[in-house]
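Descriptive structure summary
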Amino acid sequence: MLPQELDGVTVLVDVPDAGVRAGEAGVIMAIRRAADGRLLYSIELARPDDLGGMAGGVLVDLDSSQFGLD
């Protein structure tokens, strides 16, 4: 089964440029086709704020080998 928008995922690789580490959980927000033909998934990862709540998130584009479905 292919990943779908709003599926929960766990990132499998570090993405240092985005400050993302393997093991973080997120949600697929969008799916698009890259110029080379592969599917890219825009994953939103929430970030905690200083008060214990959740601040905005970070979006990172990953291919399906870089995350697992929850």
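Given the structure is predicted, the values throughout are model-derived calculations rather than measurements. (Residues numbered from 1 in each chain as written. Predicted model: local features only at pLDDT ≥ 70, side-chain atom pairs only at ≥ 80, totals over all residues. Heavy atoms only, no water.)

With that settled, consider the nonpolar core. Core analysis: the largest hydrophobic core is formed by 12 residues, namely Val9, Val11, Val15, Val20, Ile28, Tyr41, Ile43, Leu45, Val58, Val60, Leu62 and Phe67. Put simply, the parts of the chain that give this core at least two residues each are β1 (8-11), β3 (39-48) and β4 (54-62). With near-sequence residues (within four places) excluded, Ile28 lies in contact with Pro3, Gln4, Glu5, Leu6, Asp7, Val9, Tyr41, Ser42, Ile43 and Phe67. (Core = buried A, V, L, I, M, F, W, Y, C linked by side-chain atoms within 4.5 Å. Buried < 20%, exposed > 50% of the residue type's maximum accessible area, 1.4 Å probe, protein only. Helix = DSSP H or I, 4+ residues; strand = E, 2+ residues; numbered from the N terminus. Contact = heavy atoms within 4.5 Å.)

Here we come to the packing of aromatic side chains. Under the definition given, this model contains 1 aromatic pair. On the basis of an interplanar angle of 75° and a centroid distance of 5.2 Å, the ring pair of Tyr41 and Phe67 is categorised as edge-to-face. Separated by 26 residues along the polypeptide, Tyr41 in strand β3 and Phe67 in strand β5 (residues 67-69) bring together distant segments of the chain. For the pair Tyr41 and Phe67, one class covers both residues: buried. (Phe/Tyr/Trp six-rings, centres within 6.5 Å; stacked < 30°, edge-to-face > 60°.)

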